[in-house]
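Coordinates in review
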Protein chains: 4
Amino acid sequence: MNQMEKNLQKSGHQKIDWVSKHMKLLNLIQEMDYSLSGLKIGMSIHLEAKTAYLAITLKKLGAEVFVTGCNPLSTQDDVAQALKDFGITVHAKRTEDENEYFGFLHRILDYKPDLILDDGADLTVLAHTQRQEVLENLKGVSEETTTGVRRLKNLQVQGILKVPVIAVNNAKMKFMFDNRYGTGQSTWDSIMRNTNLLIAGKNVLVAGYGWCGRGIAMRAHGLGAKVMVSEVDPIKAVEALMDGFEVGKIEELAPRADIIVTATGVRDVLNEEIIRKLKNGVVLANAGHFNVEIPIEKLEKLATRKYEIRQNVNCYEIDGKDIFVIGQGRLVNLAAADGHPVEIMDISFALQAFSLIYLSQKYKQLKNEVYDYPEELDKQVAKLKLRALGIQIDELSDEQRKYLESF
Amino acid sequence: MNQMEKNLQKSGHQKIDWVSKHMKLLNLIQEMDYSLSGLKIGMSIHLEAKTAYLAITLKKLGAEVFVTGCNPLSTQDDVAQALKDFGITVHAKRTEDENEYFGFLHRILDYKPDLILDDGADLTVLAHTQRQEVLENLKGVSEETTTGVRRLKNLQVQGILKVPVIAVNNAKMKFMFDNRYGTGQSTWDSIMRNTNLLIAGKNVLVAGYGWCGRGIAMRAHGLGAKVMVSEVDPIKAVEALMDGFEVGKIEELAPRADIIVTATGVRDVLNEEIIRKLKNGVVLANAGHFNVEIPIEKLEKLATRKYEIRQNVNCYEIDGKDIFVIGQGRLVNLAAADGHPVEIMDISFALQAFSLIYLSQKYKQLKNEVYDYPEELDKQVAKLKLRALGIQIDELSDEQRKYLESF
Amino acid sequence: MNQMEKNLQKSGHQKIDWVSKHMKLLNLIQEMDYSLSGLKIGMSIHLEAKTAYLAITLKKLGAEVFVTGCNPLSTQDDVAQALKDFGITVHAKRTEDENEYFGFLHRILDYKPDLILDDGADLTVLAHTQRQEVLENLKGVSEETTTGVRRLKNLQVQGILKVPVIAVNNAKMKFMFDNRYGTGQSTWDSIMRNTNLLIAGKNVLVAGYGWCGRGIAMRAHGLGAKVMVSEVDPIKAVEALMDGFEVGKIEELAPRADIIVTATGVRDVLNEEIIRKLKNGVVLANAGHFNVEIPIEKLEKLATRKYEIRQNVNCYEIDGKDIFVIGQGRLVNLAAADGHPVEIMDISFALQAFSLIYLSQKYKQLKNEVYDYPEELDKQVAKLKLRALGIQIDELSDEQRKYLESF
Amino acid sequence: MNQMEKNLQKSGHQKIDWVSKHMKLLNLIQEMDYSLSGLKIGMSIHLEAKTAYLAITLKKLGAEVFVTGCNPLSTQDDVAQALKDFGITVHAKRTEDENEYFGFLHRILDYKPDLILDDGADLTVLAHTQRQEVLENLKGVSEETTTGVRRLKNLQVQGILKVPVIAVNNAKMKFMFDNRYGTGQSTWDSIMRNTNLLIAGKNVLVAGYGWCGRGIAMRAHGLGAKVMVSEVDPIKAVEALMDGFEVGKIEELAPRADIIVTATGVRDVLNEEIIRKLKNGVVLANAGHFNVEIPIEKLEKLATRKYEIRQNVNCYEIDGKDIFVIGQGRLVNLAAADGHPVEIMDISFALQAFSLIYLSQKYKQLKNEVYDYPEELDKQVAKLKLRALGIQIDELSDEQRKYLESF
């Protein structure tokens, strides 16, 4: 190992060490009676400290673990390097080369995994298309994302899905927490650290009032901002109103905003007309899916000048006004900060670990379908979280249970 | 009309006048193009100003309206008296006589209504059991409550339901608003007016973190209280935690509480052991279903003395300590205050009006089943609310719609 | 005693009983080692249950107590009746007759009190003007209000003040708590109970951002309202902004408000031009000094019709719009609800009790001046409050104290 | 200029460029009619982008400006390099050499400044002790900090202060905003970015409830934490209670805390006994004066191992538990983040600019004393802030003014 590799290794271990002290659900799972002995697990995930610690957890439960990235740009080389010291096979490196990326996926399939933990379904789709010989040994797939689930449901509809799949994303412990408390906090963490601007007293426009938007609005408000919300769903619009926020058309709200955060799930939240009406000095950040919500190409077209004015912040000069965009319109908490807080990922990965254990036990009874996350496991993760915090809660008495059943 | 009747009439008109100025959705509906002409509607509801104004609205849309109560104790005689001046047939009076109450229900069925608006399903069940001759003309039922829906689903399961039923209670515009913002506010309105105690700085225990509990906790917190939550569902318990509240077993939390509000849906939230550990001077209020959450009979048994210490507040002396119960453990916002805020009932009754219109138009296509509230109507009510407030919201552009469909 | 008197007596006792259970600071003071033995105390106060319990407390400390009202309309006859049973001399009754009112003040002075507890300074001014013979025995005055303090400072400036006066109103434990938490809560208690309207989602304009305005805005926000603030002081205006509220000129904000609460300390917060621009259905309430903030006479002049539409709520029809005024523009929490929460008055009256004890001990050393409330007593009341709540706090260690002094 | 200098220069200009777009009060002042023409101003400040922009502003008003640091470690060399391009004389560099630091101070005095802008009073004290020859030309001093003010008041008491001094720190626009909104936000910005931990649901202990503590508690709460407060002042303790926080002795609260933030102004907030009772994994951060609040040397002594576990985070292993300290116990927002938000410093520096202008105009009328910040200037800065935000506020009418004076 050369010096650079040693440095990477050290840095990677430090990162894993930090998260290991805060991923208490994974720590509890390591100490529980579950076994993944004799199973080979192929993981395709954003390879950083928190996912690494999930891999380590699966290894501690007895599995052989084979890890690669799920996006060529998101692999952290230091973590990849350190992960090898835990007896885990890693084929991953930060790269802009798609061939190399798919090469790594193939390498993982070469090991003929029993279970796949997928993030976006690249690995599973590859197995079902170019590498069908590995399907024989494959017992199940646990998929993290909405997009991945959609792709796998397509396989199911086409009749070519050959394994049961569990959709982790629709677990209550995921969508109710990840989006609201995770995105809510990390969006503002990112905006604050990248701008050093005061949030109190600012006019903040949150575009979209789904779980993410709710979390972002709640925290903006908690930081002293005056919050405005735009929505296309009238029910969510009324909810935003009742939560004390101003609601209106984006073309009326955006020109009054000091900060605009998009979390709509659609593209081009701001059109040219609205862009031209924005305040001088407005800050734009995206917390929704993908990087299409803020129309970067429109900004590029309209700008007479564009330059990086602060790390992660670009300034577009349009009609003599400054428009600041954080993290190039990509997910602001990932592209320009550290992503979700550790404890949020700990919950999500406990869901993943339980999903894999469940598949290893039940795969024979399951059909080759995409399953909703089992409610029982969902509750078990919630109980684990309470246990990790040392919190006990009530149970229904027999009388109460009977009373409930009496209706 | 004697003087007492004249006074009742005047008082009833005043009450209806006040709500008519704040039930803007019903006012908008009155001006819309809908017609209930030629239809007879039988209503069994808590007869007070807000339900009266719903009856008036249906009348204005062209229906013949026949009204009685749905609970012998909840009829307000002044409103009943005034309602007659609007050309509505009323058979109702506050009474403790069950026979009289059922007599009124029969009188309503005598008119052979085309549609029934029910609250608890007494009227509909009567029609299906003792008065089946009226079913011939009956086209549909709109049911307000969970309990009523459960009873009607039972009829469906037994194969004796003869009309389509719409369950208004599961409209999003109902359960997301009524329980959270309605119960949330009115519970504290009631506690404050009945005790004149300061909420800021108090330890408030909210038992149950469903929609009601969330609303009650949110408002307690908004009034400066320190909020504790007890729950039996681990997922809701984690949610309460993330919302910044203390979570634990009720036996540990209750003895530290200054105010306890129950919203669990089960009976006997406090057992004898916990009662004996309560703080001297604790205030108990129930905001959940029925009056079984606070175990009144247990308090009666344990108390060495019981007396009314303030209007609507009873003091139980137990082990030398004072335990105060508001509104005898019945729904604190109804039994000891004015129920939900007017605008909340306005939304709920707009749902009802739309439900009846929908039944009048579609009953031939509908099966004799209990239907969920139609999503389209739900959104329409939300839009109406926004219109009443003069608020416009965004619509998806064609490009955005295509983008959404592309997944 | 006739039946009506018996009923009054019973009702008065019930009211006193309730507050006695929640005025824990007064209860603690009753058990402490202080003595007012041998002293006659003349009290001129709003005679209701809480002030009655202060009188009872002073009596228990050994004083002879003589009570009258400080406003002809605020005396509660039932409490006056019951108070006599505690061995206290009462000359007070609800009346609209000024002569009778002043007659009662004279009766109190006839007893030649050693100490006066005044609210508005009527009693003290009377002693200094028409009844100077009583000054000989008078040792000190404790004055509750700003207005009273101003009047007594005038006496001081004119050189005719003959006793030391303690201004209770400038105690930190008073203005920081009474106005913010007391007015904040009770204003909304009153608005909710008198209108049954939903606060969530409403546009609320708070005129004035002093301690009262801050409390009212904080609680409006805690009930889900969107809060706007008008101010004349630029520093307070910036503070309101940073607290997340919209700030602007009242002529721009008022027309967008659903509810307007005045707490400015000045008259005529709304002029004719603004009144004509108000929303149809706006609710006006005053939480500031006196009843001049909402310009009632302007409303009267402009209205084509005025009538009581709900108890405590008048409707003014102006330009075809409804303008609702609660409690005739008088202090909304007093005129149309129960005033400050019990615990807030408990703190204020603990300040009063300590003030009287202090005067009884120190009057010989004090000059005939109006004194600020002694800081030491202020802290003592805070400590008592913590003790009543069973809360212990830290003390500086010797090292820490030295460190602080080292600067 | 070599390449490194060029890089520094570029980076410095970028930083200044960013803040220049957000320091709108300084921008407004630059455009106003004030003149500092013909005056030499010596500045000793933390030399970074925001202070640099203050220097630039003074230069634009016509002054000759001479800048050095006020702390050997806080100078940012890139900003120092860039500042020279604005025609400002800079003698400063990041260094650990005290001699060099004092050398720079002497260099500034060599220019015989007319006015001094000081931060900690090193420059002014040097002038009064070793460099009295410069006092002849010195017309006044504007001092930023409490510590500096204390030192200069000492000079005054000793009779050796030779110029008028304005204490900027006691301006309302400073202490009410800087500490509450500035420290409040930036403390959590720093904790989040340095730990990536979730704040929602955490037990946060805020030690001290002064302006800083209030801000920190308010924001912790706004991020979803459950907040506990320790205080030595009983009045502040009751205030914290009424604000909805748990209050108690630190020895009882600290062992339940997940995060502890100190803002007390005293040393050794945690003693050995408490340290031993802390939770495994607790995070400690200091937001108070100096780095003595968290007893680092006690931690060092007790720890069996100490290591950097994440950038800016040290882990102390004590009794088998991990105790994490951010930024070595120094001011967490400065030592491990970007200090106060830009707009907060903009307000503070507008106060400074006005202070210097005032001194330049009035120095002949002023005594050689430390003056409180003039109320009129304070309001002027508030007005400027409102103007920068495009907000207009009310003014009292003549009638209202008369009404106020009538009391």
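Residues numbered from 1 in each chain as written. Chains lettered and ligands numbered in written order. Predicted model: local features only at pLDDT ≥ 70, side-chain atom pairs only at ≥ 80, totals over all residues. Heavy atoms only, no water.

Under an unreviewed UniProt entry, the name given to chain A is Adenosylhomocysteinase, and the organism recorded is Fervidobacterium islandicum. The UniProt entry for chain A carries the following text under Catalytic activity (unreviewed entry): "S-adenosyl-L-homocysteine + H2O = L-homocysteine + adenosine". The UniProt entry for chain A carries the following text under Pathway (unreviewed entry): "Amino-acid biosynthesis; L-homocysteine biosynthesis; L-homocysteine from S-adenosyl-L-homocysteine: step 1/1." (UniProt positions renumbered as here; feature names shortened; annotations may be inferred.)

Regarding the overall build of chain A
Along chain A, the regular secondary structure elements total 18 helices and 15 strands. Considered along the principal axes of its C-alpha atoms, chain A spans approximately 70 × 65 × 45 Å. By the burial criterion, 63% of the 407 residues in chain A qualify as buried. In chain A, once contacts between residues fewer than 6 apart in sequence are set aside, the share between residues at least 24 apart is 69%. When the accessible surface of chain A is summed, it comes to about 15200 Å², and 46% of that surface belongs to carbon and sulfur atoms. (Helix = DSSP H or I, 4+ residues; strand = E, 2+ residues; numbered from the N terminus. Buried < 20%, exposed > 50% of the residue type's maximum accessible area, 1.4 Å probe, protein only. Contact = heavy atoms within 4.5 Å. Areas by Shrake-Rupley, 256 points an atom, 1.4 Å probe, with all protein chains shown as cover.)

Notes on the packing of aromatic side chains
For the structure shown, the criterion picks out 28 aromatic pairs over all chains. On the basis of an interplanar angle of 70 degrees and a centroid distance of 4.9 Å, the ring pair of phenylalanine 324 of chain A and tryptophan 18 of chain D is categorised as edge-to-face. One end of the pair, phenylalanine 324 of chain A, is in strand 14 (residues 321-326); the other, tryptophan 18 of chain D, is in helix 1 (residues 3-20), on a second chain. Here phenylalanine 324 of chain A falls in the buried class, since its relative accessible area comes to 1%. We note lysine 139 of chain B situated over the ring of tyrosine 363 of chain B; from NZ or CZ to the ring centre the distance is 5.8 Å. (Phe/Tyr/Trp six-rings, centres within 6.5 Å; stacked < 30°, edge-to-face > 60°. Lys NZ or Arg CZ within 6 Å of the ring centre and 35° of its normal.)

Quick notes on the packing of helix 3 (residues 49-60) of chain C against helix 16 (residues 342-362) of chain C
Working note: a packed helix pair is described by the angle between its axes plus the distance between those axes. Residue and element names in this part refer to chain C. One can describe the packing of helix 3 onto helix 16 by two numbers: an axis separation of 10 Å at closest approach and a directional angle of 35 degrees. In this structure, the crossing between helix 3 and helix 16 has a hand that is right-handed. Taken together, the residues of helix 16 that come into contact with helix 3 (itself represented by Lys50, Thr51, Leu54 and Leu58) are Val342, Met345, Phe349, Gln352, Ala353 and Leu356. Across the contact of helix 3 with helix 16, the residue classes tally to seven nonpolar, two polar and one charged. (Axes fitted to C-alpha atoms, helices over the stretch in contact; angles between N-to-C directions. Left-handed = near helix turned anticlockwise from the far one by under 90°. Nonpolar A, V, L, I, M, F, W, Y, C, P; charged D, E, K, R; others polar.)

A short note on the interface of chain A and chain B
In this complex, chain A contributes 50 residues to the contact, which on the side of chain B involves 50 residues. At the boundary of chain A with chain B, total buried surface from both sides reaches about 4600 Å², with 70% on carbon and sulfur atoms. The interface formed by chain A and chain B holds two salt bridges in total. Linking chain A with chain B are 16 residue pairs in polar contact (both at pLDDT 80 or more), by the criterion used here. (Buried area = accessible area lost by both parts, 1.4 Å probe. Salt bridge = Lys/Arg side-chain N within 4 Å of Asp/Glu carboxyl O. Polar contact = N/O pair within 3.5 Å; in protein donor to acceptor, adjacent residues only side chain to side chain.)

Brief notes about the interface of chain C and chain B
Between chain C and chain B, the contact holds 40 residues from the first and 40 residues from the second. Both faces considered, chain C and chain B share a buried interface measuring about 3500 Å² in area, 55% of it formed by carbon and sulfur atoms. For chain C, the biggest contributors to the area lost against chain B are Trp18, Asn196 and Leu198 of chain C; these three give 21% of the whole. Taken together, the links from chain C to chain B amount to six salt bridges. The closest approach of N and O atoms between glutamate 343 of chain C and lysine 202 of chain B, which form a salt bridge, is 2.6 Å. Put simply, chain C and chain B have 22 residue pairs in polar contact (both at pLDDT 80 or more) between them. Sorting the residues of the side of chain C that touches chain B by element identifies helix 1 (3-20), helix 9 (178-195), helix 10 (211-222), strand 12 (305-310), strand 14 (321-326) and helix 16 of chain C as the ones contributing at least two each. A per-element tally of the side of chain C that touches chain B places helix 9 of chain C first, with six residues. Residue composition of the side of chain C that touches chain B, by class: 16 nonpolar, 11 polar and 13 charged.

Re the relation of the copies chain C and chain B
If you rotate chain C by 180 degrees and push it 0.1 Å along the axis, it lands on chain B with an RMSD of 0.1 Å. The superposition of one copy onto the other is thereby described by a two-fold rotation axis. Minimal C-alpha distance to the rotation axis in chain C is attained by glycine 222 of chain C, lying at 1.8 Å. Same-surface contact between copies: 100% of interface residues of chain C are shared with the interface of chain B. (Least-squares fit on C-alpha atoms with pLDDT ≥ 70 in both.)

Regarding the relation of the copies chain A and chain B
Once chain A is rotated about the relating axis by 180 degrees and shifted along it by 0.0 Å, it coincides with chain B to within an RMSD of 0.1 Å. In this assembly, 100% of the residues forming the interface of chain A have copies in chain B that are likewise at the interface, indicating an isologous arrangement.

Some points on the sheet that holds strand 6 (residues 165-167) of chain A
Either a parallel or an antiparallel arrangement is found when strands of a sheet pair, and the pairing is made through backbone hydrogen bonds. Residues and elements named next belong to chain A. In spatial order, the strands read 3-2-1-4-5-6-15; together these seven strands make up an open sheet with parallel pairing. Either end of the sheet is taken by a strand with one partner, and the two such strands are strand 3 (89-90) and strand 15 (370-372). Direction of pairing for strand 5 (residues 140-143) relative to strand 6: parallel, over a ladder of three bridges. Following the sheet pairing, valine 141 is matched in strand 6 by valine 165. On top of the sheet, helix 5 (residues 98-110) reaches strand 1 (40-44), strand 2 (64-68) and strand 4 (115-118); it is set at about 170 degrees to strand 2, its chief contact. (Pairing = 2+ DSSP bridges.)

Brief notes about the side chain of glutamate 143 of chain D
Residue and element names in this part refer to chain D. Among the structural elements, glutamate 143 can be located in strand 5 (residues 140-143). Of the side chains with opposite charge, arginine 151 comes closest to the buried, unpaired glutamate 143, at an N-O distance of 7.4 Å. One polar contact links glutamate 143 to threonine 145, side chain to side chain, over a distance of 2.8 Å. (Lys, Arg positive; Asp, Glu negative; His and termini not counted.)

Some words on the pattern of salt bridges
The full count for this structure, using the stated rule, is 100 salt bridges over all chains. Across the salt bridge formed by arginine 214 of chain A and glutamate 239 of chain A, the nearest N and O atoms sit 2.9 Å from each other. With a gap of 25 residues between them, arginine 214 of chain A in helix 10 (residues 211-222) and glutamate 239 of chain A in helix 11 (residues 234-242) connect regions that are remote in the sequence. Note on accessibility: arginine 214 of chain A and glutamate 239 of chain A belong to one class, buried. Connected through shared salt-bridge partners, Asp189, Arg193 and Asp338 of chain A together with Arg310 of chain D make up one network.

As for unusual backbone geometry
Here aspartate 319 of chain A, not a glycine, exhibits a phi torsion of approximately 50 degrees, which is positive. Position of aspartate 319 of chain A relative to the elements: it lies in the loop between strand 13 (313-318) and strand 14.

Some points on helix 1 (residues 3-20) of chain A
Residues and elements named next belong to chain A. With 18 residues, helix 1 extends 25 Å from end C-alpha to end C-alpha; this agrees with the ideal 26 Å at 1.5 Å per step. For helix 1, the complete set of buried residues consists of Gln9, Gly12, Ile16, Trp18, Val19 and Ser20. In this structure asparagine 2 caps helix 1, since a side-chain oxygen of it lies 3.2 Å from the backbone nitrogen of methionine 4. (Expected span 1.5 Å × (residues − 1).)

Observations concerning the pairing of strand 7 (residues 203-207) of chain D
Residues and elements named next belong to chain D. Counting buried positions over the five residues of strand 7 gives five, a clear majority of the element. Judged by which residues are buried, strand 7 turns out to be covered on both faces: Asn203, Leu205 and Ala207 on one side and Val204 and Val206 on the other are all buried. Across five bridges, strand 7 lies against strand 8 (residues 226-230) in parallel orientation. Bridging across to strand 8, asparagine 203 finds its partner in lysine 226.

Observations concerning the pairing of strand 11 (residues 282-286) of chain B
All names here are of chain B. Of all the five residues making up strand 11, five are buried; the element is thus mostly covered by neighbouring parts of the structure. Alignment of strand 10 (residues 259-262) against strand 11, held across four bridges, turns out to be parallel. In the sheet register, threonine 262 faces strand 11, and the bridge partner there is asparagine 286.

A word on the side chain of aspartate 258 of chain A
Residue and element names in this part refer to chain A. By secondary structure assignment, the location of aspartate 258 is in the loop between helix 12 (250-253) and strand 10 (259-262). Residue class for aspartate 258 comes out buried when judged on its relative accessible area of 16%. A polar contact is formed between the side chain of aspartate 258 and the side chain of lysine 279, at a distance of 2.7 Å. Discounting residues that sit within four places of it in the chain, aspartate 258 has contacts with Lys202, Asn203, Lys279, Gly281, Val282 and Val283.

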